[in-house]
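# Inside the fold
These are the residues of each chain, in order.
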Amino acid sequence: MSGRTATAGASFDRAAVVSWLRDQGVYVALVLLVLFNLVFTTNFATSGTILGLLSQATPVLLVSLGLALVIGTGGIDLSVGAIMAIASAVVPLYLGYSWPVAVLVALLFCGLAGLLNGFLVAYVGMQPIVATLALFVGGRGFAQVLVDGQLQTISNGSFLSLWRAAPLGIPLPVIIAAVMAVLVGLVVKRTTFGRYVLAVGGNRTASYLSGQPVRGVLLAVYAISGLFAGIAGTLATARLAAGDPSQIGLLIELDAIAAVVIGGTPLTGGRVSIAGTVAGALLMLVISATFVMNNLPPTYAQILKAAIIVLAVYIQQGRRKV
Amino acid sequence: MSEQETSILEVREVTKRFPGVLALDNVSFRLRASEVHALVGENGAGKSTLIKVITGVHQPDAGRVLFDGQEVSFASPREAQEAGISTIYQEINLIPLRSVAQNLFLGREPRTSLGLTDTGRMKREAAELLERYGVEADVSAPVRSLGIGVQQMVAIVKAVSLEARVVIMDEPTSSLEAHEVETLFRVIRQLREDGVGVVYVSHRLEELYEICERVTVLRDGKVVHEGNLAELPRLELIATMLGREVPEVEQRTAAHAAREARAGEPVLEAHDLTAYRAPQGVSIDVRRGEVVGLAGLLGSGRTETAKAIFGAQPLESGTVEVDGKDVNPDSPGAAIKSGLAFLPEDRKAEGIIPDLSVRENIIAAALPRLSRGGFVSKKAQDELVERFMTRLDIKAASPDQPVGELSGGNQQKVMLARWLCMEPKVLILDEPTQGIDVGAKAEVQQLIAELAQQGLGVVMIDSEPEELIEASDRVVVLRDGAVVDTLSGDDLDEENLVGAIAGGEPSQPTQDGGDGDER
């Protein structure tokens, strides 16, 4: 009798723990890991290291922001890495006109690529994973064709300062990513569009029958995802000082999906956490940095990341019994 | 004492608490072998929670469950089923693409000596099972190809074939046609003869009186009555459920007569609506303040017609006018702008957004009006939500509670709030009282009458002729996608309506129309 009551109590506590972990786990993990590094990792507690890490995180972070919206609608975008490659190919082609033109044209290409994804999903009715797989496969190829498969080195100082400038000591890419994160967070929390994203992800038919512009919303989230991949690709190009479509953004979609999921945005859609996504992206990066800076084999970092992903998905599904 | 001995399932003083709600408060419930026991109560009275405690979905905070005299604590519905307690839910839990036989023997397929599935034997045994319970279906056909009613029957046969000693049926008839309900009752009587105890949950009171011997009434998580059903007249049963006095319940909406006197101008005129299969040339006019019923069997084109008016079903031809203006909506968005609102039949699949809050669900259609420059006005939103939660008496812990956690009746009220806050001119309701309990049903019916009185035009689909007649000024009858009859005034009675729905002569449905799915 008493044993049974204890089980009931324990199961209630377990539910509460799971729900708390689902909402707060990523922040706790990030804080703990950073504290660990501040204490035990030599040279971690310097502004140079920390700002450097933040800069490194910006491409994944930007890609994750757009992806979080796509995932919020219950979709997925596998093509973000390929779209970064397109940006990286286009920028050097147009740098001759001045760097703002090059950046704008690159973003235009990337936005169009995103629109194509959105069109396939919203109007053709393809499954998101298939629709974006097309561009995942073809996008990088297209980018390499644009530049004949060559690495294009860049010497335009103004363009390169997109990565290197540091107003008030804060690297420009970090500022850009922070502004974008706040913007997307605001979009999710406060705007009509944000509500539409969650409703479409929560129950597409219900959203449609409530008169919501389902197709427009889908089109928009993929376009936004493409655009963010474009910004990420541009920054990565500036960082490398070269357009290198064969390498830039390679496999970044996996890190980005992981960041979004760890951050508490379920792949089934209907819920989006931007703060969680930011923390998720940072967590992945700090894990790698922890291993590298302590001279541990980075392969173990990958295993740890995998474990965290599985744990995060398990916690999110904690409520489901079957 | 002898009662004790024959109880097959007993729940003793069970308490179950959820955050903010005491779902079960010291509830005791006893089921004997060979009895059909009605479990009734309003939404949120605790019926579902009680079933879930019995079947191991929830663990009780206090109290005990005894099965066959032994204390049990199942960790999952599967464990309960293995022990001999089968549950049949409103939703059909079958695998759509697998055959009837495969579904019946899922996980316990007969094997050949090589360990492979013995398909021949499986089909034979499946056919025997179906025949034993009088269900007609091709055992090789994929479940998906069967009518929804037949699917439900297969699910029931599957559940009872697992050597169950207790069968719990939660609203088993909500998707069944009348003749299928008869089959179900045959199955239940067979079960009773086999010594099985049946717990029967239904909002259809006639059914309870037809099939159940005993009744337990729950209200606000407490047992308020237990006894023989025959000793509890219908009105008293309702009064017990609602916790009100009998005369209060007896008062029915008298708005009917008053409405007939007011002939408003037409607010909705749909002409010659034609789409791929249904509707076929349907025309419907609705005047201000009028409730027009839309009747017909499942598959008669009722829902398609409603969706066509609302722009959610592509039309080949036809026009829709609201307030004399051509609107011809090509999407729900356009329909809503012109003053139409549509409450879909399948609340779960098409209505609610289960993980979003009550607030988000209420404002789903109103978002464009609540927005300034793309931002949602929090003040306007909260005012609106507050107003409609109060007006419709929506019971939720807070506006932040996910709507999927509410009872069926409260979910339906959230859906109604979503549309009423749009101040529509025409409200199209597809089965507005389906799957909600008697109390909420009465509230919804009352609300519909009030709305009509305020000048709204209402189109209403309802499978229960009695309810449709009660609510409607005029009933349009559909068969095979076309209008076959329109009944109003003195012609609008149950006999005429049922006759028109079934087709052929009013007394005897001898024609083959409407039986298409039996083959």
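## Describing helix 7 (residues 172–190) of chain A
Residue and element names in this part refer to chain A. In this model, helix 7 (19 residues) spans 27 Å end to end at C-alpha, consistent with the 27 Å of a helix rising 1.5 Å per residue. All of the buried residues in helix 7 are Pro-173, Ala-177, Ala-181, Val-184, Val-187 and Val-188. Taken around the axis of helix 7, the buried residues stretch over an arc of 125°, which confines them to a single face. Residues of helix 7 that are exposed and angled more than 90 degrees away from the buried face: Val-179, Val-182 and Leu-183. Against the buried residues of helix 7 lie helix 2 (47–72), helix 6 (157–164), helix 8 (192–202), helix 10 (214–240) and helix 12 (274–293).

## Some points on unusual backbone geometry
Although it is not a glycine, Asp-148 of chain A adopts a positive phi angle of roughly 60°. By the element assignment, Asp-148 of chain A lies in the loop between helix 5 (128–146) and strand 1 (152–153). Within the chain, Asp-272 of chain B stands out as a residue other than glycine whose phi angle is a positive 55°. We classify Asp-272 of chain B as partly exposed; it has 13 C-beta atoms within 10 Å.

## Some details on the interface of chain B and chain A
The partner chain A presents 25 residues to the 29 residues of chain B that form the contact. For the side of chain B that touches chain A, the class distribution of residues is 17 nonpolar, seven polar and five charged.

## Focus on the sheet that holds strand 8 (residues 197–201) of chain B
Residues and elements named next belong to chain B. Spatially, six strands are ordered 6-7-8-3-9-10 in an open sheet, and the strand pairing comes out mixed. Since the sheet does not close on itself, it has two edges, and those belong to strand 6 (85–88) and strand 10 (222–228), each with one partner. Averaged over neighbouring strand pairs, the angle between their axes works out to 15° when direction is ignored. Lying over the sheet, helix 6 (residues 148–160) contacts strand 6 and strand 7 (166–170), oriented at roughly 170° with respect to strand 6.

## Notes on the sheet that holds strand 4 (residues 62–67) of chain B
Residue and element names in this part refer to chain B. Spatial ordering of the open sheet is given by 2-1-4-5, a layout of four strands whose pairing is antiparallel. Sheet topology places strand 2 (21–32) and strand 5 (70–72) at the edges, where each strand pairs with a single neighbour. Geometrically, the sheet is characterised by an average inter-axis angle of 25° between neighbouring strands, direction not taken into account. Of the pairings in the sheet, the one linking strand 1 (residues 7–18) to strand 4 comprises five bridges and is antiparallel in character. Note on strand 4: the bridge partner recorded for Glu-10 is Leu-66.

## A word on the environment of Gly-96 of chain A
Residue and element names in this part refer to chain A. Its location among the elements puts Gly-96 in the loop between helix 3 (80–94) and helix 4 (99–122). On the basis of neighbour count, Gly-96 is assigned to the exposed category, with 9 C-beta atoms found within 10 Å. Sequence spacing of Gly-96 and Asn-156 is 60 residues, and the spatial spacing of their C-alpha atoms is 9.1 Å.

## Re the nonpolar core
Among the nonpolar cores identified, the biggest contains 178 residues, and Ile-86 of chain A together with Ile-428, Val-458 and Val-459 of chain B are the most heavily contacted of them. With 16 residues, the top contributor of residues to this core is helix 10 of chain A. Excluding residues within four positions of it along the chain, Val-458 of chain B makes contact with Val-291, Val-292, Leu-427, Leu-429, Ile-448, Leu-451 and Ala-452 of chain B. Val-27, Ala-137, Ala-159 and Val-199 of chain B belong to the second-largest nonpolar core, a separate cluster that totals 72 residues.

## Focus: the domain arrangement of chain B
Residue and element names in this part refer to chain B. Per the domain assignment, the segments making up chain B are domain 1 (2–250) and domain 2 (255–502). In this structure, domain 1 and domain 2 have C-alpha centres spaced 32 Å apart. Between domain 1 and domain 2, the contact holds 13 residues from the first and 15 residues from the second. Here the element with the most residues in the side of domain 1 that touches domain 2 is helix 9 (residues 234–242); it accounts for three residues. When its residues are assigned to classes, the side of domain 1 that touches domain 2 shows three nonpolar, seven polar and three charged.

## Re the environment of Phe-185 of chain B
All names here are of chain B. Relative to the assigned elements, Phe-185 resides in helix 7 (residues 178–193). In this structure the C-alpha to C-alpha distance between Phe-185 and Val-21, which are 164 residues apart in sequence, comes to 35 Å. If sequence neighbours within four positions are ignored, Phe-185 has contacts with Glu-210 and Ile-211.

Criteria and cut-off values
- Residues numbered from 1 in each chain as written.
- Chains lettered and ligands numbered in written order.
- Predicted model: local features only at pLDDT ≥ 70, side-chain atom pairs only at ≥ 80, totals over all residues.
- Helix = DSSP H or I, 4+ residues; strand = E, 2+ residues; numbered from the N terminus.
- Expected span 1.5 Å × (residues − 1).
- Buried ≥ 20, exposed ≤ 12 C-beta atoms within 10 Å, placed from the backbone.
- Arc of directions from axis to C-beta.
- Contact = placed C-beta atoms within 7 Å.
- Nonpolar A, V, L, I, M, F, W, Y, C, P; charged D, E, K, R; others polar.
- Pairing = 2+ DSSP bridges.
- Axes fitted to C-alpha atoms, helices over the stretch in contact; angles between N-to-C directions.
- Core = buried A, V, L, I, M, F, W, Y, C linked by C-beta atoms within 7 Å.
- Domains from an automatic or database assignment.

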